[in-house]
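Breakdown of the fold
One letter stands for each residue in the lines below.
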Amino acid sequence: MPELELLRPDHAPALLAFERENRAYFAASIPDRGDDYFHRFDERHRALLAEQEAGLCYFHVLVGTEGEVLGRVNLVDVADGCAELGYRIAERAAGRGLATGAVRTMCGLAADSYGLTTLRAQTTLDNAASQTVLARTGFTVVGETTLDGRPGLSYRREIARP
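Another point: the layout of surface pockets. There is about 1200 Å³ of room inside the largest pocket. I30, G86, Y87, R88 and S130 are, among the 42 residues lining the largest pocket, the residues nearest its centre. Residue assignment for the lining of the largest pocket shows that the elements contributing at least two residues are α2 (23-27), α4 (41-53), β3 (69-79), β4 (82-89), α5 (98-112), β5 (118-124) and α6 (128-136). Residue composition of the lining of the largest pocket, grouped by class: 21 nonpolar, 12 polar and 9 charged.

Okay, here's the thing in structure tokens:
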């Protein structure tokens, strides 16, 4: 079973491979990261680790049995007990419940490890899979939004702390 791991420096090669392999797949339903993301990946990876060290964000990778990255689940803009949840699963791993399981795990980590009480999320209207994951994991629609010029929905979930 894949494991959700807090992002580390040694995840960089597998993470870059994951992003490259799935770029077109992701761009069909979420805004593309752009060429600069790939050209400056190492610099960006170091910056993410610094943000994580400062407690501003928590980046996680879903790692398969061979060390390959199958997905990402991140908490960004952490402040005042809240954070924005974002996730993406590799095309070859989609449809197996990995996103739902990883988001459920992240909700527990958010409360237990990071002391958060509220998570927010967004998805485009044409991303039915993401809408299903959010509904299955206890998020409710709280409004409409626009993501990179595309219509979308905003979600929220209150999470319990131990």
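That covers the picture; the talk isn't over yet.
On to the side chain of S130. Summarising the element assignment, S130 is placed in helix α6. The class of S130 is buried, set by a relative accessible area of 8%. Reaching out from S130, the side chain makes a polar contact with the side chain of Y87 at a distance of 2.7 Å. Residues within four places of S130 in sequence aside, it is in contact with Y87 and T123.

A word on unusual backbone geometry. Here the phi dihedral of D77 falls at roughly 55°; this positive angle occurs in a residue that is not glycine. Mapped onto the elements, D77 comes out in strand β3. At D148, a position not held by glycine, the phi torsion is positive, near 55°. Along the chain, the position of D148 falls in the loop between β6 (140-147) and β7 (150-158).

What counts as what
- Residues numbered from 1 in each chain as written.
- Predicted model: local features only at pLDDT ≥ 70, side-chain atom pairs only at ≥ 80, totals over all residues.
- Heavy atoms only, no water.
- 1 Å grid on protein atoms, 1.4 Å probe; cavity = no way out; pocket = protein on both sides within 12 Å on 5 of 7 lines; lining within 4 Å.
- Points joined across faces, edges and corners; volume = space filled by probe spheres on them.
- Helix = DSSP H or I, 4+ residues; strand = E, 2+ residues; numbered from the N terminus.
- Nonpolar A, V, L, I, M, F, W, Y, C, P; charged D, E, K, R; others polar.
- Buried < 20%, exposed > 50% of the residue type's maximum accessible area, 1.4 Å probe, protein only.
- Polar contact = N/O pair within 3.5 Å; in protein donor to acceptor, adjacent residues only side chain to side chain.
- Contact = heavy atoms within 4.5 Å.

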